[in-house]
Amino acid sequence: MPVTERLYYSDSHLIEFEARVVDVTDRVSGWTAVVLDRTAFYPTGGGQPSDTGTLNGARVVECIDDGDNGVLHVVQGAAPSRASLVRGRVDWSRRLDHMQQHTGQHILSQAFVTLFNAPTRSFRVLEASCQIDIELNNPSTEIVERAVELANNVVWEDRAITVRNVTSGEAAELPLRKEPARDGDLRVIEIEGFDLTPCGGTHAYRTGEVGMIAVRSWERAKGLTRIEFVAGTRALADYRKANKSARDVAALFSTGRDDVPHVAAQMLDEHKELNRRIRALEETVAGVEAERLLAAARDGVVLQVFDGRDAESLKKLAHALIGHPQTIALLASRDKDTARLVFARSADAAGDMNALMREACAMLDGRGGGKPEMAQGGGKHVEKLEAALTHALTLLNRAS
Ligand SMILES: [Zn+2]
């Protein structure tokens with residue numbers, strides 16, 4: 001006889017029970033492990049998390065399967081004493097949630113086998129969703145949604161779910177969806193006319209209790225296809241969340257929820273078109289600005305410091321300047337803690353911009369370089385920017 005009779009095997013909806021305390025052991029401070037002669041608490045296992053609840057009012061925070069030693073109820077606070085009679089109560093909403101996910105998994109896994117001969121390799125219940133890893137080589141939204149469709153039809157047909165206890169010999173004759181994980185007598189879960197699987201978990205009485213099954217996403221992972229799904233109350237919670245996101249985004253676009261993809265795509269196109277026009281305008285402006293700077297320049301050298309201009313904009317201006325013959329541009333911009341420089345010359349002008357840039361950047365405690373015709377760089381000693389430019393100009397004049 002095992003130490004603990006597992007009541008959840010025969011009735012997954014039993015949440016209140018009486019039992020006698022068989023053993024009590026202190027764990028870490030304030031936590032005690034209680035073993036009972038019978039329990040309705042499901043311990044962590046088979047991809048399904050443990051139940052929680054109370055034992056005589058004391059909080060059961062987790063249950064651990066200790067094999068032949070029984071089920072350990074980890075109790076926080078005052079634990080019942082050995083040999084006493086206790087009243088146990090399982091948290092129903094958590095149990096229902098786990099049954100919906102777990103039973104939903106049986107149904108969805110069988111749907112992938114029925115339609116695509118794709119068996120499930122692993123299953124886990126996460127915080128807000130669940131995952132199965134299946135042997136499906138060419139997943140697509142259409143394939144996944146066909147399995148979801150079948151699974152939900154099975155849910156809405158409200159088929160009976162029964163437990164069959166069979167010997168290993170009898171099991172060998174049954175068309176089980178997966179190989180039993182252990183030898184000896186087996187507990188087989190049958191979804192009427194649809195699925196037959198050995199399993200030790202807790203399941204709904206009928207498929208209708210699962211409510212609905214929805215796939216959130218799927219991806220290829222380690223040679224398998226990982227499907228993230230939600231069932232029952234989780235599907236409703238996920239719908240509420242998704243609906244809120246969609247409506248919040250729709251409000252930003254001042255449109256209806258279902259029009260968002262169309263409106264957002266339209267706006268992105270507009271955004272691209274605007275960027276293209278801004279780039280074109282910037283070139284025109286750079287051309288005009290270059291004319292103005294050249295008119296004020298001496299000997300074809302434009303030396304100018306700007307505030308808060310990015311490297312891209314400086315380069316555009318430099319290009320516009322050196323489109324003119326015999327021109328040298330020594331341009332810089334500064335903001336609070338960065339100085340940027342772009343030096344350039346027209347093809348027919350003299351001077352090594354790369355060498356000048358290195359010298360200037362050294363003064364700014366920065367780095368820079370490029371080619372003899374064009375170089376860029378920067379540094380953090382913003383206060384020395386003007387001195388660095390003057391230095392570059394001096395070097396340039398000395399060389400010519
Ligand atoms: Zn199961």
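Residues numbered from 1 in each chain as written. Predicted model: local features only at pLDDT ≥ 70, side-chain atom pairs only at ≥ 80, totals over all residues. Heavy atoms only, no water.

Q: Got a minute to help me understand the overall build of the protein chain in this structure?
A: Counting its regular elements, the protein chain contains nine helices and 20 strands. Whereas a compact globule of 400 residues would reach a radius of gyration of roughly 21 Å, the protein chain reaches 36 Å, over 25% beyond that. With the C-alpha coordinates aligned to their principal axes, the bounding extent of the protein chain is approximately 105 × 50 × 40 Å. Relative to its full complement of 400 residues, the protein chain shows a buried share of 42%. In the protein chain, the proportion of contacts linking residues at least 24 apart, taken out of those at least 6 apart, comes to 59%. Here the protein chain displays about 21,400 Å² of accessible surface, and carbon together with sulfur accounts for 51% of that area. When the 49 basic and 57 acidic side-chain charges of the protein chain are each reduced to a single mean position, those positions are 4 Å apart. (Helix = DSSP H or I, 4+ residues; strand = E, 2+ residues; numbered from the N terminus. Rg over C-alpha atoms; globule rule 2.2 N^0.38 Å. Buried < 20%, exposed > 50% of the residue type's maximum accessible area, 1.4 Å probe, protein only. Contact = heavy atoms within 4.5 Å. Areas by Shrake-Rupley, 256 points an atom, 1.4 Å probe, with all protein chains shown as cover. Lys, Arg positive; Asp, Glu negative; His and termini not counted. Charge placed at Lys NZ, Arg CZ, Asp CG, Glu CD.)

Q: What's the story with the sheet that holds strand β3 (residues 31-36) in this structure? I'm lost.
A: Either a parallel or an antiparallel arrangement is found when strands of a sheet pair, and the pairing is made through backbone hydrogen bonds. What the six strands build is a closed barrel, ordered β2-β3-β7-β6-β5-β8; its pairing is antiparallel. Sheet twist, expressed as the average angle between the axes of neighbouring strands with direction ignored, equals 45°. Relative to strand β8 (residues 85-90), strand β2 (residues 16-26) runs antiparallel, the two being bridged by five bridges. Following the sheet pairing, Glu 18 is matched in β8 by Arg 87. (Pairing = 2+ DSSP bridges. Axes fitted to C-alpha atoms, helices over the stretch in contact; angles between N-to-C directions.)

Q: Help me out: how do you make sense of the sheet that holds strand β11 (residues 161-166) in this one?
A: Within the open sheet, the three strands sit side by side as β11-β12-β13. Their pairing is antiparallel. Each edge of the open sheet carries a strand with a single partner, namely β11 and β13 (195-198). Direction aside, the axes of adjacent strands within the sheet are offset by 25° on average. Here strand β12 (residues 186-191) runs beside β13; their pairing, made up of four bridges, is antiparallel.

Q: Please explain the packing of aromatic side chains as it appears in this structure.
A: Scanning the entire structure with this criterion turns up four aromatic pairs. Ring plane angle 65° and centroid distance 5.0 Å describe the contact between Tyr 8 and Tyr 9, whose orientation is recorded as edge-to-face. Residue Tyr 9 is classed as partly exposed on the basis of its relative accessible area of 35%. Centre to centre, the rings of Phe 112 and Phe 116 are 6.4 Å apart; their planes meet at 45°, and the pair counts as tilted. With Phe 112 and Phe 116 both in helix α2 (residues 92-116) and four residues apart, this pair spans about one turn of that helix. (Phe/Tyr/Trp six-rings, centres within 6.5 Å; stacked < 30°, edge-to-face > 60°.)

Q: Please explain the pattern of salt bridges as it appears in this structure.
A: Side chains that carry opposite charge are capable of pairing whenever their charged atoms lie near each other. Counted according to the given criterion, the structure contains 26 salt bridges. Between Arg 121 and Glu 135 there is a salt bridge, with its nearest N and O atoms 2.5 Å apart. With Arg 121 in strand β9 (residues 120-125) and Glu 135 in the loop between β10 (130-134) and α3 (141-156), the pair connects residues that are 14 residues apart, well separated along the chain. The exposure class assigned to Glu 135 is partly exposed, which follows from its relative accessible area of 37%. Arg 124 serves as the salt-bridge partner of Asp 133, at 3.0 Å between the closest nitrogen and oxygen. In this structure Asp 133 comes out as buried when scored by relative accessible area, which is 5%. Each of Glu 16, Glu 18, Arg 87 and Arg 89 takes part in a single network of salt bridges with overlapping partners. (Salt bridge = Lys/Arg side-chain N within 4 Å of Asp/Glu carboxyl O.)

Q: Honestly, the coordination of the zinc ion in this entry has me stumped. Any pointers?
A: For a metal with four donors in a tetrahedral arrangement, the ideal angle between donors is 109.5 degrees, while six donors in an octahedron ideally sit at 90 or 180 degrees. The zinc ion binds to the protein through His 102 (NE2), His 106 (NE2), Cys 199 (SG) and His 203 (NE2); the donor distances cover 1.9 to 2.2 Å. Each of the four donor atoms bound to the zinc ion contributes to angles spanning 101 to 122°, and the resulting shape is tetrahedral. Summarised as a motif, the one-chain spacing of the donors to the zinc ion is H-x3-H-x92-C-x3-H. One end of the pair, His 102, and the other, His 106, are both in helix α2, four residues apart, so they sit about a helical turn from each other. The exposure class assigned to His 106 is buried, which follows from its relative accessible area of 2%. (Donors = N, O, S within 2.8 Å, 3.2 Å for Na, K, Ca; no water. Tetrahedral: all angles 85-135°; square planar, octahedral: opposite > 155°, others 65-115°.)

Q: Even after reading the chapter, I still don't get the pairing of β9, so can you show me in this structure?
A: Looking along a regular strand, one sees the side chains alternate between the two faces of the sheet. Here β9 pairs with β10 via five bridges, running antiparallel. Pairing of Val 125 across the sheet is with Cys 130, part of β10. Between β9 and β10, which follow one another and run antiparallel, lie four residues.

Q: Even after reading the chapter, I still don't get the packing of α2 against α3, so can you show me in this structure?
A: The description of two helices packed together rests on the angle between their axes and the distance between the axes. Axis separation between α2 and α3 bottoms out at 8 Å; the angle between their running directions is 120°. When the axis of α2 is compared with that of α3, the two are oblique. Regarding α2 and α3, the two cross each other, and that crossing is right-handed. Of the residues in α3, those in contact with Ile 107, Leu 108, Ala 111, Phe 112, Thr 114, Leu 115 and Phe 116 of α2 are Ile 143, Val 144, Arg 146, Ala 147, Val 148, Leu 150, Ala 151, Val 154 and Val 155. The residue makeup of the contact of α2 with α3, split by class, is 14 nonpolar, one polar and one charged. (Parallel < 35°, antiparallel > 145°, perpendicular 65-115°, else oblique. Left-handed = near helix turned anticlockwise from the far one by under 90°. Nonpolar A, V, L, I, M, F, W, Y, C, P; charged D, E, K, R; others polar.)

Any functional reading would require information that these geometric values do not contain.
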